[in-house]
Amino acid sequence: MDLSYALTPFLAWLVAGVSKFIINSIKAKQLAFGLIGYGGLPSNHSAIVSSMAALIALKEGIGHPAFGVAITLAFIVMLDANSLRRQVGKHAVAINKLAARASDHQTLRERMGHTRLEIAAGIAVGIAVAAAVNVMLA
């Protein structure tokens, strides 16, 4: 039984999440528990999907049908993070400004989506984790 396919995306999520927490804490000069969530460097979503695509490429080859499925899913997730979710975050900023005076307004989360740099960092984390798992469990 090959557990690397279950272990790799979990480790990619963990490495990206811990890295993001450390980076945010350094930027904020305090423990940044309030900044955990969508957005930030590196992208957890990009790390997870790219780790699986990279692991499949390393173990099965890029000609395997599973790699095609994994790379397709990775592109969908990353395009969504860079386009739709970033726009949602921009809309939240505008709505929060417009509704700031309303007593019943619940502030919307503004940190949504990712920049290309955050996505690229997530891809790097995912590939690195997949390569490490592939070497350690080979």
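The numbering scheme is per chain: residues are counted from 1 as the chain's sequence reads. Reporting in this predicted model follows two pLDDT cut-offs: at least 70 for local features of residues, and 80 or more for side-chain atom pairs to be given and counted; totals over whole chains, interfaces and linings ignore these cut-offs and use all residues. Calculated side-chain values reflect all of the structure's heavy atoms, with hydrogen atoms and water omitted.

Structural notes on the overall build of the protein chain
So, point 1. A tally of regular secondary structure across the protein chain gives 5 helices and 0 strands.
So, point 2. Each helix is a run of DSSP H or I of at least 4 residues and each strand a run of E of at least 2, with the numbering of both proceeding from the N terminus. Counting from the amino terminus, the protein chain carries its helices and strands in the arrangement α-α-α-α-α.
So, point 3. Taken over the C-alpha atoms alone, the protein chain extends approximately 60 × 30 × 25 Å along its principal axes.
So, point 4. Expressed as a percentage of the 138 residues in the protein chain, the buried residues total 33%.
So, point 5. Residue pairs at least 24 apart in sequence account for 74% of intrachain contacts in the protein chain once pairs closer than 6 positions are excluded.
So, point 6. The sign given to each residue is positive for Lys and Arg and negative for Asp and Glu; His and the chain ends receive no count. Here the site of a charge means atom NZ of a Lys, CZ of an Arg, CG of an Asp or CD of a Glu. Across the protein chain, the 12 positively charged side chains and the 6 negatively charged ones have centroids separated by 11 Å. The cut-offs for exposure are 20% and 50% of the maximum accessible area for each residue type, with area from a 1.4 Å probe on protein chains only; residues under the lower value are buried, those over the upper are exposed, and the others partly exposed. Whether two residues are in contact is decided by their heavy atoms, any of which lying within 4.5 Å being enough.

Observations regarding unusual backbone geometry
So, point 1. Of note, the amide linkage connecting Leu41 to Pro42 takes the cis form, showing an omega dihedral of -10°.
So, point 2. Within the fold, Pro42 resides in the loop between helix H1 (4–28) and helix H2 (44–60).
So, point 3. Phi at Lys29 takes a positive value of approximately 60°, unusual for a residue other than glycine.
So, point 4. Among the secondary structure elements, Lys29 is positioned in the loop between H1 and H2.

Structural notes on the environment of Val125
So, point 1. Relative to the assigned elements, Val125 resides in helix H5 (residues 116–136).
So, point 2. Each C-alpha atom, one on Val125 and one on Arg85, is 21 Å from the other, the two residues being 40 residues apart in sequence.
So, point 3. Not counting residues within four places of it along the chain, the set of residues in contact with Val125 comprises Ala12, Val15, Ala16, Pro42 and Ala47.

Things to note about helix H3 (residues 65–82)
Because the α-helix completes a turn every 3.6 residues, residues three or four places apart line up on one side.
So, point 1. Given a helix with a known number of residues, its expected span is that number minus one, times 1.5 Å. Between the first and last C-alpha of H3 there are 26 Å, a value that for 18 residues agrees with the 26 Å anticipated at 1.5 Å per step.
So, point 2. Looking at the buried residues of H3, the elements they touch are H2, helix H4 (84–98) and H5.

Quick look at H5
So, point 1. If you check H5, its first and last C-alpha atoms are 30 Å apart, about what 21 residues at 1.5 Å a residue would give, namely 30 Å.
So, point 2. Against the buried residues of H5 lie H1, H2 and H3.

Brief notes about a nonpolar patch on the surface
So, point 1. On the surface, Leu7, Phe10, Trp13, Leu14, Val18, Ile22, Ile26, Met136 and Leu137 cluster together into a nonpolar patch covering about 890 Å² of accessible area.
So, point 2. Per-element tally for the nonpolar patch: the top contributor is H1, with 7 residues.
So, point 3. If you trace the backbone, Trp13 turns up in helix H1. Residues forming no salt bridge and having over 30% relative accessible area are the ones grouped into patches, like charges within 9 Å of each other and nonpolar side chains (Val, Leu, Ile, Met, Phe, Trp, Tyr) within 5 Å. Here the accessible surface of atoms and residues is derived via Shrake-Rupley with a 1.4 Å probe, and residues count as covered only by protein chains that are part of the display. We define a salt bridge as a contact between a side-chain nitrogen of Lys or Arg and a carboxyl oxygen of Asp or Glu at a distance within 4 Å.

Observations concerning the packing of H2 against H3
So, point 1. Every angle, taken between N-to-C directions, lies between 0 and 180 degrees, and every axis is a line fitted to C-alpha atoms, over only the stretch in contact when it is a helix. Two numbers describe how H2 lies on H3: the axes approach to 9 Å, and their chain directions differ by 165°. Our classification of the angle between H2 and H3 gives roughly antiparallel. In this structure, H2 crosses over H3, and the sense of that crossing is left-handed. Seen from H2, the contacting residues are His45, Ser46, Val49, Ala53, Ile56 and Ala57; seen from H3, they are Ala66, Phe67, Ala70, Ile71, Leu73, Ala74, Val77 and Met78.
So, point 2. Basically, the charged four are Asp, Glu, Lys and Arg, the nonpolar ten are Ala, Val, Leu, Ile, Met, Phe, Trp, Tyr, Cys and Pro, and anything else, Gly included, counts as polar. In terms of residue class, the contact of H2 with H3 is made up of 12 nonpolar, 2 polar and no charged. Convention used here: angles under 35 degrees read as roughly parallel, angles over 145 as roughly antiparallel, angles from 65 to 115 as roughly perpendicular, and any remaining angle as oblique. Two helices that cross are described as forming a left-handed crossing if the nearer one is turned anticlockwise from the farther one by less than a right angle, and a right-handed crossing if clockwise.

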